[in-house]
Each structure stands twice: as structure tokens, then as C-alpha cells.
There are 2 protein chains.
Amino acid sequence: MNSEIISVGTELLLGQINNINTRIISQKLSEIGINVFFHTSVGDNRERISSIFKIALERSDLIIFTGGLGPTLDDLTKETVAEVLGLELNYDENILNRIQAFFKGMHREMPENNKKQALVPEGAITIQNENGTAPGIILQTGEKIIILLPGPPNEMEPMLNKFVIPFLRKRLNNNEVIKSKILRFIGIGESFLEQKILDILRKQTNPTVAPLAKQGEVTLRITAKAKSEKDANELIEPIIQTIKERVGEYIYSYDNEPLEVVVGRMLIERRRTISIAESCTGGYLSHLLTNIPGISAVFDRGIISYSNKSKIEILNVPVEILKQKGAVSQEMAISMASWIRKLSGTDLGVAITGIAGPDGGAPLKPVGLVFITLSTDSGDLCEEYLFSGNREAIKRRSALAALDLIRRHLKTI
Amino acid sequence: MNSEIISVGTELLLGQINNINTRIISQKLSEIGINVFFHTSVGDNRERISSIFKIALERSDLIIFTGGLGPTLDDLTKETVAEVLGLELNYDENILNRIQAFFKGMHREMPENNKKQALVPEGAITIQNENGTAPGIILQTGEKIIILLPGPPNEMEPMLNKFVIPFLRKRLNNNEVIKSKILRFIGIGESFLEQKILDILRKQTNPTVAPLAKQGEVTLRITAKAKSEKDANELIEPIIQTIKERVGEYIYSYDNEPLEVVVGRMLIERRRTISIAESCTGGYLSHLLTNIPGISAVFDRGIISYSNKSKIEILNVPVEILKQKGAVSQEMAISMASWIRKLSGTDLGVAITGIAGPDGGAPLKPVGLVFITLSTDSGDLCEEYLFSGNREAIKRRSALAALDLIRRHLKTI
């Protein structure tokens, strides 16, 4: 069954609101094995709603509309769909009573224009709206299914989950399930990853394997269609194994988790305490880690030694290092990391120093140059990086690289 | 000029990511008076991209694609568009050099498959991508304009603002300008603000005045249509004056700037140095401030005193305060702020201590309880807050409240 989703509302076309409904419906349809091939958003305009509906009727078996079921003049979805299909609209007494009861429940009189929400195309199945006045509508013409749902997500979503998805499940001839796993990588570029697994990307049809570039991150989506979730997992597992054999060291999550969640959990589970000294990231690494509930069990403190004075005063950095090597140097990063570890008495000490830009770069020390050190009881590991992007991107990449250093260390424990 | 936006990417159809680009582009086109009539999302599939492009060519004057310009096999937008228009793809040496330089800048070899990003349809104008490797492309066939932009929003958005919008402005025949001003508020709820300016919200048609709820923030958008930017400004100004008279103390930006940008600029302009001691926000306040270029002139250091031990060791907090008042108390916040100020020798010292949750709350000290102190040479100001929301929301609201304390203080200088 191939489907598409049509969102009706001029506010979407003006960019005033996010299209939340389309994403929610897409996820739910994927889960039960219905392909979603198109999303369309169209304004509150009869002619354009009509034109997009006619196109959809030609290419899709299932068409889900959201929005345009309200009581006002510019709510046109139901009227336009009925007109295109040549269906009459009739008052449904039950629905009218329900709308009147809804207003009574709020101690208000039903406005006259809400009456039109009780109009139903002939032959329709209606879906009760527990959080508003517009009922949902299901129409079946030949092999096509057309479903109209209201626009407010808090009305739409319960109707989708309680009625539409079970209805569609029953209608599906097969019991196909679509299951996705998302692997997240760090320390490898998208192109390099692709070269390593080009044969898999090319050969695979079920499951499909597709790269998904996110800001400064690389992810792979593995999607299988099968008769059951168990069967889908059995298709996905061997592919993941093969990918793991080739590039496993760069994978930090098999469940689409952010890096700080993975590292935070590893620290807590392994009971390794940590302290952080940051310069160019300005507190961003500590911020990411302290987003994780329960991190206070292992995170002792952070120091943001932005000025040189503060590096000397709090982090005990020798003045000679500052003078001879500079604030952005391997020696500085090592000095910061080992001192914050000693000062705090933690198992791990992490330090980041670099040039986030846009100013402050020099030929030998350009914007994006970053040194990261992980200090442990078995020694200090320092890595040098050269990141591209603007100030915020460099801060983000530096913090992720530091998290990855911690992750690699914790894996060996 | 009627336009539509086509987003390419299977991840959209599976509901895996939000369609951020479409919303951003829609807003920008509206601002310069271009109607957006359709949004379409389509997967990484040559046949379906082709079909939707042909439909778009029939109904729209301007078609903007995002996504599908990457180096991988399932990036098909450019190839499909060129095929439908019957245009050849040729290597552009300049772009190839730029991509190679991009990789060199990161000390990496350019992978072979990135080469295809230097393929350009004949007759195209290219747009430089400062944050990635895929150039943007503008094609003009007859009266139609087709624009291809990359999918990652951090690459797409600068190209849109710096090149596409100015290009389209020049091409527009009419001189209608739609101008928006966005006022940002802090310290006032949306309903309360609405009550104060209800008459303005109701009466206005040009300019329109509309509240725009953002996460934890309140903003007002004032939009005017006029023949010129000057005329639009003259419509907007008196409305802003009226709003300012009623609720001016809560407005921190008349130009849709984030609070940290406003406060960072005030600190730099007034040359007031600052140091920060954070507990529950875990470095987020320092992170926000250090996003501002040039902040190193005034930001000396930050301390994230997460453990009680670290509060005593670095911030010199008396043990009695910890024992008698607890880590989350007015006394603690004042002690932290005044000590970080003394320790750093800065003009201002700021401290935040609170309970970000989800655990750690108690009847008298619930999750969301936060104390913020601003220490200056004229004394210490401490405010108590009770924020709602999850851990990240409480961190964010606390940091914004601290920034607002700083802002209010700097305004008096």
C-alpha cells in the first residue's frame, strides 16, 4: 500500500508553524509497513486543494489529509474532497449532538458555524474526536482509502493511534512490518564510511542501508520489511554485524542515541569519576554531560579557564608553558587535564584548548586548531584536531571529539 | 511570483527528521513577498523526484529544492533535475578545487565520490557553500527559476540568506516589501503579554501583530506590507512605540536576537568583566556567553561546582552553609557569586544553584527550584525561581534568567 500525506493550512506555507502531524503520521505508517511516498502542504484554497487531491488519487492507494476541518470559512478540506469525489454532504445527528455536548462541557453556547463540522460525506466512516469538535472521516472509493483528520496535533494523534492505525492494519493484506535501526558514528567522514561499505549500500534492497548526514555527525539507517518485528530484526542483524566488522570502532550507538548519553551512561555504569577543564568550548562539554540525569554521581566539577590568568590561578599551569608554547598547545592541554584530575581527585581529567574563532587565528595556529587531553592514572593522551566551520560548529565538534576520547578509553575498562 | 519548495530525502518520509529547511525558506520567501503555494517532500528516488519536478514546472514560477546534493549514490536531485530539463552535467574546475581545499583544510584526502559534487548543469549559476562541499545551483529556463540547495540546514541557511534571497529580490518585478520585526521578551508570560496589548492584536491589519510562541520564550512579530522598506518601517515604528510604552521593560531585543547576544554585546561595550559559578546549569550559561565572538575580552572564567566538595574547595563556600542551608539555597548562591567575583577580580560575579531533576527534589526544595545571584561592587542581588519542565528546560530557563539579571543590571550603568 503506497500512501501520501497532505497537510492543509496557509500557516504552514508561511513557515509560521512546524509540520508536526506529517512527521507523526509518517512514523506510524512506516511502523506498520505502509510506504509513504509524498508529503504535500497546501494552503486554505479550494482550487489548489482540489488539484493536489486529484494528483494524489492517481498515484497513491492511501491519502491522509490533516487540517482544514475547523468551523471557519477557510476550512475547506472536507468540502473539496467531497466535491472531487462527487459525494453529497449530510448532517450527522450524532456528531451534531456530540459537538453541542462538547460546548456544554465548557459552559459555552455552540457557535452557529460549528454546525458545519457535523456535515459528513455520504458513505463515510466517522472517527470520534475526544479533544475537539471536528470528527475524523474515512472514505473508500474503489481501492483507494481517503482519511481526513483535524490539524491540531493533540486532536489528531489520539485519533490516529486509537482508530486509524488499527483500521489500516486490518485492511492490509500482508502483515508487513518496517523496522529501522540507526547506527551513529564518530571519527569517520560520510564519504569514507561509504567507501568502506559501498558494496553493502549498493547490493542491499531488504534491508536497505542509507547514510544520513547530520550536523557534524554521520549516521546509517538500516531498514527492513518483514512479516513480523522478529523477522525484520533477523534481516537487520547480519548487516549490522558486517558493518561492525568493518567500521565498528567508529560506531558509538546502535540505537540512535546522542554521544553524551552513551558516554554519560558508560561513566555511571563503570563508576568512573570525571572532571573537566575547558577553554575554547566555554562549558559546552560540561553542559552536554550534565544534561544526563544521574551524572552528578560521577561528574565532580568543571573549570572554564578562559583567560590566561585563570589558567594559571586555578589550573596551576606553569607560566613557562603559556610563554613558550602558548594557551593553545599540547603542553597546555596536558597540563590542564592532569591538574584538574589531581585537584578534583577524579579518575579522569579532560581538557580542551583551541581557537574557536572567528578571530584569534594565526598561520601556525589557525582557527579550528584544538588540543584535547584525557588524563587517567595510566597517563595522558593528547590529540590534535583541525576543525572547520563557524565558532559554534568548532565548539560542538571539539566537545564531541572529547566525548569520543572518553568513550574509547572507557571501552577498554 | 508563485513558488514551491521540494524537500528530497527518504528520512523525511519515514518521519525520522523534522523538515526544518522548508519552514526557514517559507519564512524568507514570505518576507520578500513571494507566495509559497506548495511544499512537497519526496524520497531519494529518481522516478518520483522526476514526477514531482514535472508537476512543479507546470504550476510554479520558482521551484526550490533542498537535499539530495551529497556525494553518495542516493543523492539524486541534481542528476534528475538536469535530466528532466535536458541539460548536460559538466565538471566545474573551480568547484572541484574548492572541494579539494575543503578536505585539505581538514588534513584529509578528498574521497573519490565527492568529485560528483563538482558536476554542474550547463548554464547554471553556482552558489558557494561555506560550510560544506555541495555548491548551490540556480537554473533559469524561460520564465522559470529552479534553485537547488543542500539539505543540512547549517549549509543551506547561509546560502539562502547571502545569495538566494538577494538574487530573488532583484528578479521581482513588483516592489512590494513585506517587512517583519520580531520583539523578544523575557520575564513575562505569553497570556499576560497578550492581555496588555489585546487591543493592538485585534485592531491591527497592516502591520499585523502576532505572538509567536517559542520554547520557553515569548516573541511578537510585527509584519508590514509596503512599497518600500522605508514605508514598511514607518508603519511598524509607531506600533513598536506603543508596545514599548506598555511592556518595554520585558523587551530585550527589537531585532530577534538571542538574549546571550544582547548581554554579550552589553558586557563588551560597557567593558564589564564577568565570572560565573554554576551548579545545576552545568556550564550552560558559560556556553551561551562563549558563543559570542569577542567575549574573551570580558569573560574571565567559569566554575562548574557540581559536587559539594568542589563548592568548598574552589568556591570557598563555608561548610556551615552547606550543612545548615544546603547546596540549593539563597546563602549558597550568594556565597558562590561573591567568591567567584573576588577570586577572578571581575566586575560581576554570577552564580546559579538549583535542582534540575528529574531526581533530587524534596517537598521544601522541589525540582525546578533555582537561586540566582548577581554580585557587583554595590552588593549581591539574589532571586529565587521555580521553573517547570524537564531537566534541559530547567537548565535553559535558569541560564536565561541569569542573563536577564545581568541585562537589567547593565542597563542601569
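This is a predicted model, so every value here is computed, not measured.

Details of the pattern of salt bridges
Enumeration according to the criterion identifies 32 salt bridges over all chains in this entry. Where A:Lys162 meets A:Glu130, a salt bridge forms, and the shortest distance between an N and an O atom there is 2.9 Å. Remark: A:Glu130 occurs in the loop between strand 6 (125-127) and strand 7 (136-141) and A:Lys162 occurs in helix 6 (residues 153-171); sequence separation between them is 32 residues. Residue classification places A:Glu130 among the exposed residues on the basis of a relative accessible area of 52%. Between B:Asp300 and B:Arg301 there is a salt bridge, with the nearest N and O atoms lying 2.5 Å from each other. Accessibility classification places B:Asp300 together with B:Arg301 in one group, the buried group.

Observations concerning helix 3 (residues 46-59) of chain A
When the terminal C-alpha atoms of helix 3 of chain A are compared, their 20 Å separation across 14 residues agrees well with the 20 Å that a helix rising 1.5 Å per residue should span. Taking the backbone nitrogen of A:Glu47 as reference, a side-chain oxygen 3.1 Å away marks A:Asn45 as the first, capping residue of helix 3 of chain A.

Some thoughts on unusual backbone geometry
Going from A:Gly357 to A:Pro358, the amide bond is cis rather than trans, its omega being 0°. Its location among the elements puts A:Pro358 in the loop between strand 15 (348-354) and strand 16 (369-376). Cis geometry is adopted by the peptide bond preceding B:Pro207, which originates at B:Asn206 and carries an omega value of 5°. Examined against the element boundaries, B:Pro207 turns out to sit in the loop between helix 8 (198-203) and strand 10 (208-214). Even without being glycine, B:Asn256 reaches a positive phi, approximately 55°. On the secondary structure map, B:Asn256 appears in the loop between strand 12 (251-253) and helix 10 (259-270). Since its relative accessible area comes to 29%, B:Asn256 is described here as partly exposed.

As for the packing of helix 3 of chain A against helix 4 (residues 77-85) of chain A
Residues and elements named next belong to chain A. At a minimum axis distance of 9 Å, the contact between helix 3 and helix 4 shows a crossing angle of 55°. Classified by the angle their axes make, helix 3 and helix 4 are oblique. The hand of the helix 3/helix 4 crossing is right-handed. Along its contact with helix 3, which presents Arg46, Ile49, Ser50, Phe53, Lys54 and Leu57, the element helix 4 presents Glu79, Thr80, Val81, Glu83, Val84 and Leu85. For the contact of helix 3 with helix 4, the class distribution of residues is six nonpolar, two polar and four charged.

A closer look at the confidence of the model for chain A
Summing up the model confidence of chain A, the mean pLDDT is 92 and the portion of residues at 70 or higher is 98%. Here the predicted complex scores 0.76 on pTM and 0.75 on ipTM.

Details of the side chain of A:Ser335
All names here are of chain A. Of note, Ser335 is situated in helix 14 (residues 330-344). Given a relative accessible area of 11%, Ser335 falls into the buried group. If sequence neighbours within four positions are ignored, Ser335 has contacts with Val317, Pro318 and Ile321.

Structural notes on the sheet that holds strand 17 (residues 379-386) of chain A
Strands sit in the order 17(A)-16(A)-15(A)-13(A)-14(A)-14(B)-13(B)-15(B)-16(B)-17(B) across an open sheet of 10 strands; the sheet is mixed. With partners counted over all chains shown, the strands left at the sheet margins are strand 17 of chain A together with strand 17 (379-386) of chain B, one partner each. Averaged over all pairs of adjacent strands, the angle between their axes in this sheet comes to 10°, without regard to strand direction. Looking at chain direction, strand 15 of chain A and strand 16 of chain A are connected through six bridges and run antiparallel. If you follow A:Val350 over to strand 16 of chain A, its bridge partner there is A:Leu374. Across the sheet, helix 15 (residues 391-411) of chain A lies against strand 13 (274-278), strand 15, strand 16 and strand 17 of chain A, angled at about 25° from strand 16 of chain A, the strand it touches most.

Some remarks on the sheet that holds strand 2 (residues 35-42) of chain B
Strand order across the open sheet formed by 12 strands is 6(A)-7(A)-8(A)-3(A)-1(A)-2(A)-2(B)-1(B)-3(B)-8(B)-7(B)-6(B), with mixed pairing between neighbours. Strand pairing shows two members of the sheet lacking a second neighbour, strand 6 of chain A together with strand 6 (125-127) of chain B, which therefore form its edges. Shown here is a sheet whose adjacent strand axes are inclined to one another by a mean of 15°, direction ignored. For strand 7 (residues 136-141) of chain B and strand 8 (residues 144-149) of chain B, the ladder comprises five bridges, and the chain directions are antiparallel. The partner of B:Thr141 across the bridge, within strand 8 of chain B, is B:Lys144. Packed onto the sheet, helix 6 of chain A meets strand 3 (62-66), strand 6, strand 7 and strand 8 (144-149) of chain A and runs at close to 170° relative to strand 8 of chain A. On the sheet, helix 4 (residues 77-85) of chain B packs against strand 1 (2-8), strand 3 (62-66), strand 7 and strand 8 of chain B and is oriented at approximately 160° with respect to strand 8 of chain B.

Looking at the interface of chain A and chain B
Every contact between the two is made by 74 residues of chain A and, on the other side, 75 residues of chain B. In this assembly, chain A packs against chain B so that about 6,100 Å² is buried in total across both faces, 52% of it on carbon and sulfur atoms. Where chain A packs against chain B, one counts two salt bridges. For A:Glu313, the salt bridge identified is with B:Arg301, shortest N-O distance 2.8 Å. Linking chain A to chain B there are 36 residue pairs in polar contact (both at pLDDT 80 or more). Tallied by class, the residues present in the side of chain A that touches chain B amount to 28 nonpolar, 32 polar and 14 charged. Inspection of the sheet shows strand 14 (residues 299-305) of chain A paired to strand 14 (residues 299-305) of chain B by five bridges, in the antiparallel sense. Within the sheet, the bridge partner assigned to A:Arg301 lies in strand 14 of chain B and is B:Ser305.

Regarding the nonpolar core
It is characteristic of soluble globular proteins that their nonpolar side chains tend to be buried jointly. Residues A:Ile406 and B:Ile406 are the most contacted members of the largest nonpolar core, which totals 74 residues. Once you skip the residues sitting within four places of it in the chain, B:Ile406 turns out to touch B:Val263, B:Leu267, B:Ile274, B:Leu348, B:Val350 and B:Leu374. In this structure, A:Ala277, A:Ala337, B:Leu315 and B:Ile340 belong to the second largest nonpolar core, which totals 24 residues.

Structural notes on the packing of helix 10 (residues 259-270) of chain A against helix 15 of chain A
Residue and element names in this part refer to chain A. Interaxial distance between helix 10 and helix 15 falls to 10 Å at its minimum, and their mutual angle equals 35°. Like other packed secondary-structure pairs, helix 10 and helix 15 cross with a definite hand, here left-handed. Where helix 10 abuts helix 15, its residues Leu259, Glu260, Val263, Met266, Leu267 and Arg270 lie against Leu400, Leu403, Asp404, Ile406, Arg407, Leu410 and Lys411. Looking at the contact of helix 10 with helix 15 residue by residue, the classes come out as eight nonpolar, no polar and five charged.

Structural notes on the environment of B:Glu31
Of note, B:Glu31 is situated in helix 2 (residues 20-31). Excluding anything up to four places from it in sequence, B:Glu31 contacts B:Val177, B:Ile178 and B:Lys179.

Observations concerning helix 14 of chain A
Residues and elements named next belong to chain A. For helix 14, with 15 residues, the first-to-last C-alpha span of 21 Å sits near the 21 Å given by 1.5 Å per residue. Taken together, the buried positions of helix 14 are occupied by Met332, Ala333, Ser335, Met336, Ala337, Ser338, Ile340 and Ser344. Remark: Gly345 follows helix 14 within two positions and exhibits a positive phi of approximately 70°.

Section: the packing of aromatic side chains
Residues and elements named next belong to chain A. In the structure shown here, the tally under the stated rule is eight aromatic pairs over all chains. For the ring pair Phe53 and Phe65, a centre distance of 5.4 Å and an interplane angle of 65° mean the geometry is edge-to-face. Linking Phe53 in helix 3 with Phe65 in strand 3, this pair joins segments that are 12 residues apart in sequence. By relative accessible area, which is 0% here, Phe53 ends up buried. Aromatic pair Tyr385 and Phe387: ring centres 5.2 Å apart, planes at 10°, arrangement stacked.

Cut-offs used in this document
Residue indices begin from 1 for each chain and proceed along its sequence in written order. Starting at A for chains and at 1 for ligands, labels are handed out in the order in which the entities are written. Residues qualify for local features only when their pLDDT is at least 70, as the model is predicted, and side-chain atom pairs are given and counted only at 80 or more; totals for whole chains, interfaces and linings, by contrast, use all residues. Side-chain numbers here rest on the full set of heavy atoms in the structure, without hydrogens or water. Salt bridge criterion: a side-chain nitrogen from Lys or Arg within 4 Å of a carboxyl oxygen from Asp or Glu. Under the scheme used here, helices are H or I runs from DSSP no shorter than 4 residues and strands are E runs no shorter than 2 residues, and both carry numbers assigned from the N terminus. Only protein chains enter the accessibility calculation, which uses a 1.4 Å probe; a residue is then buried when its area is under 20% of its type maximum, exposed when over 50%, and partly exposed in between. Helix span, expected: 1.5 Å multiplied by one less than the number of residues in the helix. For the purposes of these results, a polar contact is taken to be a pair of N or O atoms within 3.5 Å, where, inside protein, one atom must be able to donate a hydrogen and its partner to accept one; residues adjacent in sequence count only when each atom of the pair is a side-chain atom. Think of each axis as a best-fit line through the C-alpha atoms, taken over the contacting stretch in the case of a helix, with angles from 0 to 180 degrees between the N-to-C directions. Roughly parallel refers to an angle under 35 degrees, roughly antiparallel to one over 145, roughly perpendicular to one between 65 and 115, and oblique to any angle outside these ranges. In this scheme the crossing of two helices becomes right-handed for a clockwise turn of the near helix relative to the far one and left-handed for an anticlockwise turn of less than a right angle. The contact criterion used is simple: two residues touch if any of their non-hydrogen atoms lie within 4.5 Å. Polar here means any residue outside two lists: the nonpolar Ala, Val, Leu, Ile, Met, Phe, Trp, Tyr, Cys and Pro, and the charged Asp, Glu, Lys and Arg; Gly therefore counts as polar. The quantity known as pLDDT measures the predictor's confidence residue by residue, on a range of 0 to 100. By the convention used here, strands pair only if DSSP detects at least 2 bridges between them. Accessible-area loss on putting two parts together, using a 1.4 Å probe and summing over both, is the definition of buried area adopted here. Throughout, nonpolar core names a set of buried Ala, Val, Leu, Ile, Met, Phe, Trp, Tyr and Cys residues whose side chains join them through atoms within 4.5 Å. Under the pairing criterion, centres of Phe, Tyr and Trp rings, with the six-membered ring standing for Trp, must be within 6.5 Å; the plane angle then separates stacked pairs below 30 degrees from edge-to-face pairs above 60, leaving the rest tilted.

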